[in-house]
Amino acid sequence: MTAILLALPGNDALAGALARELGWPLGSLDSRHFPDGETYMRIESECAERSVALVCTLDRPDEKMLPLLFAADALRELGATRVGLVAPYLAYMRQDRRFQRGEAVTSRSFSKIISCHFDWLATVDPHLHRLRALDEIYSIPTRVVHATPALGTWVAENIDRPLLIGPDSESAQWVANVATRADAPYLVLEKRRHGDRDVEVTVPNIGQHRDRTAVIVDDIISSARTMAAAVAHIRAAGMAPPLCLGVHAVFASDAQRTLDAAGAGLVVTTDSIPHGSNRIPIAGLLAPAVRSLAVDEVSAKPVH
Ligand code: R5P
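For every chain, the first residue of its written sequence is number 1, and the numbers climb from 1 along that sequence. The model is predicted, so local features are restricted to residues of pLDDT at least 70 and side-chain atom pairs to those at 80 or more, both for listing and for counting; the totals for chains, interfaces and linings are taken over all residues. In computing side-chain properties, one takes all heavy atoms of the structure into account and sets aside hydrogens as well as water.

Novice: Mind showing me how you'd approach the overall build of the chain here?
Specialist: Regarding its fold elements, the chain presents eight helices and 15 strands. For 304 residues, the compact-globule estimate of 2.2 N^0.38 gives 19 Å, and the C-alpha radius of gyration of the chain, at 20 Å, lies within 12% of that figure. Counting only C-alpha atoms, the chain reaches 65 × 45 × 40 Å along its principal axes. Relative accessibility under 20% of the residue-type maximum defines a buried residue, over 50% an exposed one, and the middle range a partly exposed one, all with a 1.4 Å probe and only protein chains included. Evaluated residue by residue, the chain yields a buried proportion of 51% over its 304 residues. It only takes one pair of heavy atoms within 4.5 Å for two residues to be counted as in contact. Taking the contacts inside the chain whose residues are at least 6 apart along the sequence as the reference set, 64% of them involve residues at least 24 apart. Total accessible area on the chain is roughly 14,200 Å²; 48% of this is exposed by carbon and sulfur atoms. Neither His nor the chain ends contribute to the count of charged residues, in which Lys and Arg are positive and Asp and Glu negative. We put the charge of a Lys on NZ, of an Arg on CZ, of an Asp on CG and of a Glu on CD. For the chain, the distance from the average position of its 31 positive side-chain charges to the average position of its 36 negative side-chain charges is 4 Å. Secondary structure is summarised from DSSP: a helix means a run of H or I of at least four residues, a strand means a run of E of at least two, and numbering begins at the N terminus for each. Atoms counted for the radius of gyration: C-alpha only. Globule rule: 2.2 Å times the number of residues to the power 0.38. Shrake-Rupley sampling with a 1.4 Å probe provides the accessible areas, and residues are treated as covered by the protein chains on show and by no other component.

So, in structure tokens, the structure goes:
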């Protein structure tokens with residue numbers, strides 16, 4: 001029987017696009033809250049003897065996790081052969097170390113919960129900084145899909161004479177790839193973070209590129225303080241409002257206002273998290289990874 005996709009609330013558009021890419025059915029579930037705040041969950045499609053991929057991007061993870069785990073658990077009780085997770089944005093990737101005595105290493109705790117409830121995980125550009133690979137903390141098969149080729153293609157097709165700019169050394173990995181794809185020069189700025197919302201950025205001499213359109217590239221736009229600091233310096237150097245290009249549009253609280261106040265131009269992101277800035281679809285990139293985890297790896301297993 002073919003595999004089936006199920007979308008958690010808020011993930012219908014991406015799950016639908018993925019279903020079209022894969023040629024798989026998109027099933028349905030009903031998830032809502034009782035008046036006391038507890039979750040009601042019902043799997044409406046027949047999933048017995050099927051490999052199931054639950055689609056749930058994991059920004060604002062605390063409110064999404066219980067419904068997601070209830071769905072995974074219900075699927076197993078209803079006889080699904082495999083239950084995988086497509087989480088285009090993977091949460092809890094930053095606290096991967098105990099920086100101060102007593103802190104929870106939430107990256108590790110989160111990965112244990114996911115690994116306990118799912119057979120596999122597919123995601124897009126997780127924030128791997130001190131960790132080199134997901135399998136350092138996840139004990140299930142994982143696939144990481146990179147959005148940079150799609151970002152580079154978008155820049156090449158839409159921006160005249162771009163100058164790619166990475167706001168910090170961590171972004172060097174993205175910006176170099178996007179620049180190659182867009183056949184454009186790039187710079188990487190230096191960032192010092194003094195607090196959650198206090199970011200300082202230093203800019204090398206960009207005067208020689210003043211005739212180009214600055215495009216700042218980062219993996220996550222969360223508080224947008226990192227982007228905003230880069231935008232402010234680029235504007236101070238006399239350049240036109242830069243385009244802000246991100247993989248994951250987390251956009252916490254006042255992020256958009258922060259970017260506007262700094263003088264940012266257009267903001268463009270992938271649809272890994274639904275947001276008004278989404279312009280770059282990722283279903284086509286995710287589909288081969290999902291297919292291989294949900295179907296191919298199972299059929300490739302030797303029969304004993
Ligand atoms: C840094 O480690 C990341 O690559 C991003 O630069 C960071 O997550 C962006 O966060 P914010 O939007 O809160 O400055």
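Novice: Looking at this model, I keep getting lost on the sheet that holds strand S5 (residues 82–87). Mind explaining?
Specialist: Within a sheet, adjacent strands bond to each other through the backbone by hydrogen bonds, running parallel or antiparallel. DSSP calls a pair of strands paired once it identifies at least 2 bridges connecting them. Taken together, the five strands give an open sheet; going across it, the order is S1-S4-S5-S6-S7, and neighbouring strands pair in parallel fashion. The open sheet has two edge strands, strand S1 (4–7) and strand S7 (142–145), and neither has a second partner. Neighbouring strand axes in the sheet, compared pairwise and without regard to direction, differ in orientation by 20 degrees on average. Bridge count between strand S4 (residues 51–55) and S5: five bridges; the pairing is parallel. Bridging across to S5, Ala-53 finds its partner in Gly-84. Running over the sheet, helix H2 (residues 61–77) touches S1, S4 and S5 and is turned about 170 degrees from S4. Axis lines are fitted through C-alpha atoms, for helices just across the contact stretch, and the angle between N-to-C directions can take any value from 0 to 180 degrees.

Novice: Before we go on, may I ask you to explain the sheet that holds strand S14 (residues 267–270) in this structure?
Specialist: Taken together, six strands build an open sheet; the order of strands is S9-S8-S12-S13-S14-S15 and the sheet is parallel. Sheet topology places strand S9 (186–188) and strand S15 (278–280) at the edges, where each strand pairs with a single neighbour. On average, each strand axis in the sheet is inclined to that of its neighbour by 30 degrees, with strand direction left out of account. Across three bridges, the pairing between strand S8 (residues 162–166) and S9 is parallel. Bridging from a neighbouring strand, Gly-166 pairs with Val-188 of S9. Against the sheet, helix H6 (residues 225–236) makes contact with S8, strand S12 (213–221) and strand S13 (243–249), and its axis sits at roughly 165 degrees relative to S12, the strand it touches most.

Novice: So what exactly am I meant to see when it comes to the pattern of salt bridges here?
Specialist: Note that side chains of opposite charge can pair when their charged atoms are close. Within this document, salt bridges are pairs made up of a side-chain nitrogen of Lys or Arg and a carboxyl oxygen of Asp or Glu, the two lying within 4 Å of each other. Applying the stated criterion to the full structure yields eight salt bridges. Among the ionic pairs, Lys-64 bridges to Asp-59, the shortest N-O distance being 2.7 Å. For the pair formed by Lys-64 and Asp-59, the shared burial category is buried. Between Arg-161 and Asp-211 there is a salt bridge whose closest N-O contact spans 2.7 Å. Separated by 50 residues along the polypeptide, Arg-161 in the loop between helix H4 (148–158) and S8 and Asp-211 in the loop between strand S11 (198–202) and S12 bring together distant segments of the chain.

Novice: I keep staring at the pairing of S1 and nothing clicks. Help me out?
Specialist: Judged by which residues are buried, S1 turns out to be covered on both faces: Ile-4 and Leu-6 on one side and Leu-5 and Ala-7 on the other are all buried. Relative to S4, S1 runs parallel, the two sharing four bridges. The partner of Ile-4 across the bridge, within S4, is Val-52.

Novice: What exactly am I supposed to notice about the packing of aromatic side chains here?
Specialist: The geometry of an aromatic ring pair is captured by the separation of the ring centres together with the interplanar angle, meaning the angle of the planes. Stacked, tilted and edge-to-face are the three classes assigned to paired rings of Phe, Tyr and Trp, where Trp is represented by its six-membered ring and a pair needs centres within 6.5 Å; plane angles under 30 degrees give stacked, over 60 edge-to-face, the rest tilted. Inspection of the entire model under this criterion finds two aromatic pairs. Residues Phe-34 and Tyr-40 carry aromatic rings whose centres are separated by 5.9 Å and whose planes lie at 85 degrees to one another, so their mutual orientation is edge-to-face. Measuring from centroid to centroid gives 5.0 Å for Tyr-92 and Phe-110, while their planes differ by 40 degrees, and the two rings are tilted. Remark: Phe-110 occurs in helix H3 (residues 106–117) and Tyr-92 occurs in the loop between S5 and H3; sequence separation between them is 18 residues. When its relative accessible area of 31% is taken as the criterion, Tyr-92 is described as partly exposed.

Novice: Help me understand the site of the ligand, please; the structure alone is not making it clear to me.
Specialist: Near residues are defined by distance, with any heavy atom within 4 Å of the molecule or strand qualifying the residue. Residues in contact with the ligand amount to 15 residues; listed here are only the nearest, Glu-170, Asp-218, Asp-219, Ser-223 and Thr-226. By the criterion applied in these results, polar contacts are pairs of N or O atoms within 3.5 Å in which, for protein atoms, one can donate a hydrogen and the other can accept it, and in which residues neighboring in sequence qualify only through two side-chain atoms. One of the side-chain N or O atoms of Ser-223 is found 2.6 Å from an oxygen atom in the ligand. Alone, the ligand offers 380 Å² of accessible surface; in the complex the protein occludes 94% of this. Those elements that provide at least two residues to the shell around the ligand are strand S10 (190–195), S12 and H6. Counting residues per element, the shell around the ligand draws most heavily on S12, which supplies four residues.

Novice: Help me out: how do you make sense of the side chain of Thr-148 in this one?
Specialist: If you trace the backbone, Thr-148 turns up in helix H4. Beyond its immediate stretch of four places on either side in the chain, Thr-148 contacts Asp-125, Trp-174, Asn-177, Val-178 and Arg-181.

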